[in-house]
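# Summary of the model geometry
Here is what each chain is made of, one letter per residue.
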Amino acid sequence: MSETIKNPVMDAILSRRSTRDFKRDVQLTETELNTILEAGIWAPTARNTQHIHFIVIQKPEVIAKIAEGFSKNDFNDGKIRDFVYGAPTFIMLTGKKDWKYTHIDAGIVVENMSLAAQSLGLGSLIIGCVKDYFNTEDGRKYAVELGMPEDHVFSIGIALGHIATPTPPKPRVGDRITYIR
Ligand SMILES: Cc1cc2nc3c(=O)[nH]c(=O)nc-3n(C[C@H](O)[C@H](O)[C@H](O)COP(=O)(O)O)c2cc1C
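It should be emphasised that the depicted structure is a prediction, and the values quoted were computed from it without experimental measurement.

## A short note on the site of the ligand
The environment of the ligand is formed by 13 residues, the closest being Arg16, Ser18, Arg20, Lys170 and Arg172. Between the ligand and Arg20, the relevant distance is 2.8 Å, taken from an oxygen atom to a side-chain nitrogen or oxygen of the residue. Lys170 is positioned with one of its side-chain polar atoms (N or O) 2.8 Å from an oxygen atom of the ligand. Computed on the free molecule, the ligand has an accessible area of 630 Å², of which 64% lies beneath the protein chains in the complex. Among the elements that take part in the shell around the ligand, strand S3 (residues 123-127) stands out by supplying three residues, more than any other. Here the shell around the ligand is built from residues that sort into six nonpolar, two polar and five charged.

Below is the structure:
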């Protein structure tokens, strides 16, 4: 990209990275959490359905239980994987099961939240790997127990916290834009 404009929104977009090493013992303040949730709530949704539900998890034992269920259902070595990389907050986004834009809506919500976290100097990691677990019978039951409405499915999650080890940027693949003009 040759010439571009820099401003605070562009700064957040360009400096955000997927954090994979969080400070385990430093929780978000309530104001930080509320600000990130506000960014999610104000995301656009198709036909203004505003159906995305937010489940904020700050109990380590609940994150550990999801990790256990996910690792059991993951086709790897069966070891328990700390899928949030030590993050003290994990937010699950769920949406209407039969709505064609559910995952697009949730994707837009989660990116808003990720950029809000970046603007506050916090780390975030968008997490899709637990989706298969939440689609199993056990996982679905647990998601409902945690507060997922019955007519929803898990769409995407986001881990949030303070960055322990910064992530280096991953170069972007070029030559992906077609101009017709
Ligand atoms: C829909 C989606 C799902 C993702 N799921 C995971 C995940 O489960 N675990 C993980 O470590 N990273 C996950 N990521 C993060 C990507 O791996 C990451 O965005 C990508 O490698 C680019 O790195 P960057 O975010 O630092 O630019 C996910 C990202 C997206 C957009």
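## Some details on unusual backbone geometry
At Tyr85, a position not held by glycine, the phi torsion is positive, near 55 degrees. Summarising the element assignment, Tyr85 is placed in the loop between helix H3 (60-73) and strand S2 (89-96). Its relative accessible area of 29% is what places Tyr85 among the partly exposed residues.

## A few points about a positive patch on the surface
Judged by side-chain charge, Arg20, Lys170, Arg172 and Arg176 come together as a positively charged surface patch. With respect to the element layout, Lys170 can be found in the segment after strand S4 (152-161). When its relative accessible area of 55% is taken as the criterion, Lys170 is described as exposed.

## Details of the pairing of S4
A large share of S4 lies buried, amounting to 10 of its 10 residues. Note: S2 against S4, eight bridges, orientation antiparallel. Counterpart to Leu93 in the pairing with S4 is Ile156. In the sheet, S3 pairs with S4 via five bridges, with the strands oriented antiparallel. When the bridges of S4 are listed, Ile126 appears paired with Ile158.

## Quick word on the nonpolar core
Core analysis: the biggest nonpolar cluster contains 23 residues, and Ile66, Phe83, Phe90, Met92 and Val130 have the highest contact counts within it. Counting residues per element, this core draws most heavily on H3, at five residues. Core analysis: the second largest hydrophobic core is formed by 20 residues, Leu37, Ala43, Leu93 and Ile158 among them.

## Describing the packing of helix H2 (residues 30-41) against helix H4 (residues 102-119)
Packing of H2 against H4 brings their axes to within 7 Å, and their N-to-C directions diverge by 145 degrees. When you trace H2 past H4, the crossing you get is right-handed. Two secondary-structure elements touch here, H2 through Ile36, Leu37, Ala39 and Gly40 and H4 through Val109, Asn112, Met113, Ala116 and Ala117.

## With respect to the layout of surface pockets
As a volume, the largest pocket reaches approximately 650 Å³. Contributing to the lining of the largest pocket are 22 residues, with Leu14, Lys170, Pro171, Arg172 and Arg176 lying nearest its centre. Counting residues per element, the lining of the largest pocket draws most heavily on helix H1 (residues 8-15), at three residues.

Definitions and limits used
- Residues numbered from 1 in each chain as written.
- Predicted model: local features only at pLDDT ≥ 70, side-chain atom pairs only at ≥ 80, totals over all residues.
- Heavy atoms only, no water.
- Near = heavy atom within 4 Å.
- Polar contact = N/O pair within 3.5 Å; in protein donor to acceptor, adjacent residues only side chain to side chain.
- Areas by Shrake-Rupley, 256 points an atom, 1.4 Å probe, with all protein chains shown as cover.
- Helix = DSSP H or I, 4+ residues; strand = E, 2+ residues; numbered from the N terminus.
- Nonpolar A, V, L, I, M, F, W, Y, C, P; charged D, E, K, R; others polar.
- Buried < 20%, exposed > 50% of the residue type's maximum accessible area, 1.4 Å probe, protein only.
- Patch = residues over 30% accessible without salt bridge, like charges linked within 9 Å, V, L, I, M, F, W, Y side chains within 5 Å.
- Salt bridge = Lys/Arg side-chain N within 4 Å of Asp/Glu carboxyl O.
- Lys, Arg positive; Asp, Glu negative; His and termini not counted.
- Charge placed at Lys NZ, Arg CZ, Asp CG, Glu CD.
- Pairing = 2+ DSSP bridges.
- Core = buried A, V, L, I, M, F, W, Y, C linked by side-chain atoms within 4.5 Å.
- Axes fitted to C-alpha atoms, helices over the stretch in contact; angles between N-to-C directions.
- Left-handed = near helix turned anticlockwise from the far one by under 90°.
- Contact = heavy atoms within 4.5 Å.
- 1 Å grid on protein atoms, 1.4 Å probe; cavity = no way out; pocket = protein on both sides within 12 Å on 5 of 7 lines; lining within 4 Å.
- Points joined across faces, edges and corners; volume = space filled by probe spheres on them.

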